[in-house]
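Single-letter residue listing:
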Amino acid sequence: MTTVENIKRQLEVATTEYRRCVEELKEFRKGEEGNRLSELKKNLREKEDVDENQRKKWTEEKEDLEKEEKNLEVEKNEWKVQMQKLQNALMETNKTEFDYYQELSLFETSSNSAIGTLINSENAIARYRILFLPEDNIHSPIKSLFTNEEWSIMESNWEKVEKRIADSLPEIDEDVKLLLKKYSKGIKDATINCYVDLNKVEGIICKNPFEDQHSYLFERDYHLRWVQSVYNAFILCLQRSFSPLFDPDASEYAYKSQIINYIWEALFFDVNVIAMMKTGEVENADRKKQLDLSKNLDHLKSTIGNWHHDAVLVIKVGSMFVQVAFGEVIGNAFKRDDKKFNDDKEKMLKAMQLALFNLRKSLPEKAPGLDDLETFGLLVNRKEFLMYSMHWVDGIYLVDQFDGFTIPDTSLDLENLSGIIKIMINFKNRIMKLRAHMEVLYKSNQKFKRGGSRHINDSIVYASPLKGTKS
């Protein structure tokens, strides 16, 4: 549900409650309670010959009825105020939606006819010029806008940029390859048919991974520690009957803390001065700034429209911190939730688009290597770990899956961990290459200041009516 739809729904509720309070207040004043209150007031004014106890009883009853009437009046007024706030929020959100579309149009112009097709679509993702290329449903409201040939051309455009970037990545360190080879041999030696002796495997994994090193250096050798920690995390889960890998009732938090965070958070511990994967309920800083810039001063504390992610990768470029990757976990390793999957995927795509938009906006239009800027999305759906990259090509934000894997859930799958670790190290190398590339661009163009190239619209990037908070 979009923010506009959410506000409208809340406004309908508030309006209904306000009308209910008005009717209850009318019924109170017209009904027996109202008549009784009038009678008590009249008796207290006119009957002076009643005894003190009777007068006290009437007074207490009158005060109770007046209090009830006052509470109904207060509740009515509170719902009236809530209605006004929601009406203001709706007007503000509708305005910022238009402003953000205008910002996109002014900032990025292209003769690409696909842009017009997307902008004129009623689909929220399409209007932000996002094309999710893995979409395989022919009835998709976005894919149905294009012919097969047009879709293939856009897939090819994404692949060209992707190949250029992927081909320039460094090789995985030899000491990591040797350790993975050692662990794979140990797992193979401990396997008999369909049985893996996890105790024997654990004995191999728990040995000092630096025993062949002359000395340990954190900055150089941390990857060996991380590889060992990933294997240990999975072995420990495979040895327990009620671990997140086997328990269908396990919480999302348990799944993230005992499995997922070892894969995507701990990977960056050795470089967290310049690249840090924040986990938990992480607020999207780009979205917060976008909302704050579009709010009136009276509404700065409002959290309507904020985004929270399960993980956000932040890198430091110069003196600035920028968001480049966003992670979402859809429940635990078993539960299927199509609605949450679609909602979180949409939020992730919009976060990727906003982050890439901001990166490009801070640089001149003809800066060398501008097309190599990218943002990432990591989506964990049950045991599928999906990895997406977004590239800006001819005014369109193209997204496709560049890698991925299945979370191992049996002892026989332990041998697949070496491939998973190589995928994640390549992802880290890709992040570090992106950061180095951005450092060069920003230093050469001195763009961490206002003003600049013609293609940057001077107006603010206003908040768009996108997904609200993460539940």
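In this text, all values refer to a predicted model and were calculated from it rather than measured experimentally.

Cut-offs and rules
- Residues numbered from 1 in each chain as written.
- Predicted model: local features only at pLDDT ≥ 70, side-chain atom pairs only at ≥ 80, totals over all residues.
- Heavy atoms only, no water.
- Helix = DSSP H or I, 4+ residues; strand = E, 2+ residues; numbered from the N terminus.
- Buried < 20%, exposed > 50% of the residue type's maximum accessible area, 1.4 Å probe, protein only.
- Areas by Shrake-Rupley, 256 points an atom, 1.4 Å probe, with all protein chains shown as cover.
- Pairing = 2+ DSSP bridges.
- Axes fitted to C-alpha atoms, helices over the stretch in contact; angles between N-to-C directions.
- Contact = heavy atoms within 4.5 Å.
- Parallel < 35°, antiparallel > 145°, perpendicular 65-115°, else oblique.
- Left-handed = near helix turned anticlockwise from the far one by under 90°.
- Nonpolar A, V, L, I, M, F, W, Y, C, P; charged D, E, K, R; others polar.
- Salt bridge = Lys/Arg side-chain N within 4 Å of Asp/Glu carboxyl O.
- Arc of directions from axis to C-beta.
- Polar contact = N/O pair within 3.5 Å; in protein donor to acceptor, adjacent residues only side chain to side chain.
- Right-handed = clockwise from strand over helix to strand, strands pointing away.
- Core = buried A, V, L, I, M, F, W, Y, C linked by side-chain atoms within 4.5 Å.
- Patch = residues over 30% accessible without salt bridge, like charges linked within 9 Å, V, L, I, M, F, W, Y side chains within 5 Å.
- Lys, Arg positive; Asp, Glu negative; His and termini not counted.
- Charge placed at Lys NZ, Arg CZ, Asp CG, Glu CD.
- pLDDT = per-residue confidence, 0-100.

### Description of the overall build of the protein chain
Logical step 1: On a plain count of helices and strands, the protein chain comes out with 13 helices and nine strands.
Logical step 2: Within the protein chain, the fraction of its 471 residues that count as buried is 49%.
Logical step 3: Counting only carbon and sulfur atoms, one obtains 50% of the accessible surface of the protein chain, whose full area is about 24,400 Å².

### Overview of the sheet that holds strand β4 (residues 275-283)
Each strand in a sheet pairs with another by means of backbone hydrogen bonds, the pair being arranged parallel or else antiparallel.
Logical step 1: With mixed pairing, seven strands are arranged side by side in an open sheet as β1-β9-β8-β7-β6-β5-β4. The open sheet is flanked by β1 (130-132) and β4, the only strands paired with a single partner. Neighbouring strand axes in the sheet, compared pairwise and without regard to direction, differ in orientation by 25° on average.
Logical step 2: Where strand β5 (residues 308-317) and strand β6 (residues 320-330) come together, seven bridges link them in antiparallel fashion. Counterpart to I315 in the pairing with β6 is V322.
Logical step 3: Contacts from helix α10 (residues 252-264) reach β4, β5, β6, β7 (375-381), β8 (384-393) and β9 (396-406) within the one sheet, and its direction differs from that of β6 by about 130°.
Logical step 4: Seen against the sheet, helix α12 (residues 338-361) touches β1, β5, β6, β7, β8 and β9 and runs at an angle of roughly 170° to β6.

### Topic: the packing of helix α7 (residues 174-189) against helix α9 (residues 218-238)
Logical step 1: Two numbers describe how α7 lies on α9: the axes approach to 9 Å, and their chain directions differ by 25°. Between α7 and α9, the angle falls in the class roughly parallel. You can see that α7 and α9 cross each other, and the crossing is right-handed. Facing α7, whose interface residues are D175, V176, L179, L180, Y183 and I187, α9 presents D221, H223, L224, V227, Q228 and Y231.
Logical step 2: Counted by class, the contact of α7 with α9 contains eight nonpolar, two polar and two charged residues.

### Some words on the pattern of salt bridges
Logical step 1: Inspection of the entire model under this criterion finds 21 salt bridges.
Logical step 2: Note that E328 is salt-bridged to K347, the shortest N-O span being 3.7 Å. One end of the pair, E328, is in strand β6; the other, K347, is in helix α12, and 19 residues separate them in sequence.
Logical step 3: With a relative accessible area of 0%, E328 lands in the buried category.
Logical step 4: Linked by salt bridges that have partners in common, E252, K256, D310, K340 and D344 make up one network.

### Observations regarding helix α8 (residues 198-205)
Logical step 1: Buried residues of α8: L198, V201 and I205, and no others. The buried residues of α8 occupy an angular sector of 60° when the element is viewed end-on, so they sit on one face.
Logical step 2: For α8, the secondary structure elements touched by its buried residues are α7, β3 (195-196) and α9.
Logical step 3: N-capping of α8 is provided by D197, with a side-chain oxygen placed 3.2 Å from the backbone N of N199.

### Looking at the pairing of β6
Logical step 1: For β6, the tally of buried residues reaches nine of 11 residues, placing the bulk of the element in the interior.
Logical step 2: In this antiparallel pair of consecutive strands, β5 and β6, the connection spans two residues, and G318 shows a positive phi of 65°.
Logical step 3: Note: β6 against β7, six bridges, orientation parallel. Within the sheet, the bridge partner assigned to I330 lies in β7 and is N381.
Logical step 4: Remark: the β6/α12/β7 crossover connection has right-handed handedness.

### Re the nonpolar core
Logical step 1: Core analysis: the biggest nonpolar cluster contains 109 residues, and L131, W226, W264, F385, I407, M424 and F427 have the highest contact counts within it.
Logical step 2: Sorting elements by how many residues they give to this core places helix α13 (residues 417-445) first, with 12 residues.
Logical step 3: L25, L40, L65 and L72 belong to the second-largest nonpolar core, a separate cluster that totals five residues.

### Remarks on a positive patch on the surface
Logical step 1: Taken together, K41, K42, R45 and K47 make up a surface patch of like positive charges.
Logical step 2: Along the chain, K42 turns up in helix α2 (residues 32-46).
Logical step 3: Judged by its relative accessible area of 43%, K42 is partly exposed.

### Concerning the confidence of the model for the protein chain
Fine structural detail should not be taken from predicted coordinates in areas where pLDDT scores are low.
Logical step 1: Of the residues in the protein chain, 79% have a pLDDT of 70 or more, and the chain-wide mean is 81.
Logical step 2: Averaged pLDDT values for the elements of the protein chain fall to 67 in helix α4 (residues 113-119) and rise to 97 in β7.
Logical step 3: Note that pLDDT drops below 50 for residues 106-111; the model gives that stretch 15 contacts with residues more than four away or on any other chain.
Logical step 4: Here residues 447-471 scores under 50 on pLDDT; set against residues more than four positions off or in separate chains, the count is 95 contacts.

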